[in-house]
Amino acid sequence: MLEILIIAALIAAGIAVLAGRRVFKKPRFEPGAEAEEKPFKIDPRRAALPINRCQLAKVRHVIDGDSIVATTSTQEILIRLGAIDCPQNGQHWGDVATLGLIKLIGGRQVAFEGHGVDKHGRTIATVYVRDVDNAGWTDVNARMVARGHAWVTRRDYRFLPSSRKSELNRLERWAQRKRVGLWKSRDGLPDRRQRAGIQ
């Protein structure tokens with residue numbers, strides 16, 4: 001009798017699989033996931049977009065981890081992600097940071113909040129990208145820091161409100177503590193020193 005029940009259960013499971021239904025669902029729980037610290041305290045999709053200060057643009061080219069070329073409805077514009085700095089292409093982690101930015105915003109429509117123009121004629125901006133599910137906007141500058149692709153440049157973030165400065169600092173400390181991205185190698189400092197000419 002037991003053998004008949006087992007055979008019947010196996011046949012039912014086989015039919016369900018053939019029909020495209022999942023009989024046994026994978027548990028959503030992953031060991032240790034509940035204790036893992038998240039870099040964002042608040043869901044970044046709920047971040048308020050300062051829409052009255054933003055312009056929409058389409059990303060045409062990612063130059064490196066903190067510079068892009070985008071097109072607005074009227075012009076092509078060179079944008080430098082403000083308050084962050086990434087290693088240059090060819091330096092340690094530079095190519096990875098560039099690929100990280102491509103993955104986030106390459107070819108996509110973004111909103112950017114301009115904060116001025118640097119000495120190279122680039123618009124310094126906080127860039128936002130729509131989430132995949134279109135539920136909200138993600139601060140790309142902050143995401144690059146949280147993923148360990150960029151350092152916070154405190155000398156350049158005077159244009160930000162104190163709450164956003166604090167958030168960038170917190171995300172950088174989190175990435176450094178978790179040894180994420182460029183922080184995996186000797187505190188992420190060799191290229192920062194090289195950029196500053198300290199070496």
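It should be noted that the structure appears before, not after, this text.
Residues numbered from 1 in each chain as written. Predicted model: local features only at pLDDT ≥ 70, side-chain atom pairs only at ≥ 80, totals over all residues. Heavy atoms only, no water.

Visitor: I'd love a proper account of the pattern of salt bridges, names of residues and values included.
Guide: Summed over all chains, the structure comprises eight salt bridges. With its nearest N and O atoms 3.5 Å apart, the salt bridge here joins D85 to R80. Between D156 and R155 there is a salt bridge, with the nearest N and O atoms lying 3.9 Å from each other. Judged by relative accessible area, which is 28%, D156 ranks as partly exposed. Beyond isolated ion pairs, a larger network of salt bridges with shared partners links R53, E113 and R164. (Salt bridge = Lys/Arg side-chain N within 4 Å of Asp/Glu carboxyl O. Buried < 20%, exposed > 50% of the residue type's maximum accessible area, 1.4 Å probe, protein only.)

Visitor: Residue-level account of the pairing of strand β1 (residues 54–64), with values.
Guide: Inspection of the sheet shows β1 paired to strand β5 (residues 109–117) by five bridges, in the antiparallel sense. Opposite K58, over in β5, you have Q109 as the bridge partner. In the sheet, β1 pairs with strand β2 (residues 67–71) via five bridges, with the strands oriented antiparallel. Across the sheet, the residue bridging to K58 is T71, located in β2. Hairpin geometry of β1 and β2 is characterised by an intervening segment of two residues between the two adjacent antiparallel strands. (Pairing = 2+ DSSP bridges. Helix = DSSP H or I, 4+ residues; strand = E, 2+ residues; numbered from the N terminus.)

Visitor: Outline the nonpolar core, supporting the account with residue identities and numerical values.
Guide: With 37 residues, the main nonpolar core has I79, L101, I105, V140, M144 and L168 as its most contacted residues. When near neighbours in sequence (up to four residues on either side) are disregarded, L101 contacts V62, D64, G65, D66, S67, I68, L81, G106, V140 and M144. (Core = buried A, V, L, I, M, F, W, Y, C linked by side-chain atoms within 4.5 Å. Contact = heavy atoms within 4.5 Å.)

Visitor: Account for the side chain of T126, naming residues and giving values.
Guide: If you trace the backbone, T126 turns up in strand β6 (residues 123–130). Within polar-contact distance, the side chain of T126 engages the side chain of R164 at 3.0 Å. Excluding residues that lie within four positions of it along the chain, T126 makes contacts with A111, F112, E113, H115, D139, N141, L160 and R164. (Polar contact = N/O pair within 3.5 Å; in protein donor to acceptor, adjacent residues only side chain to side chain.)

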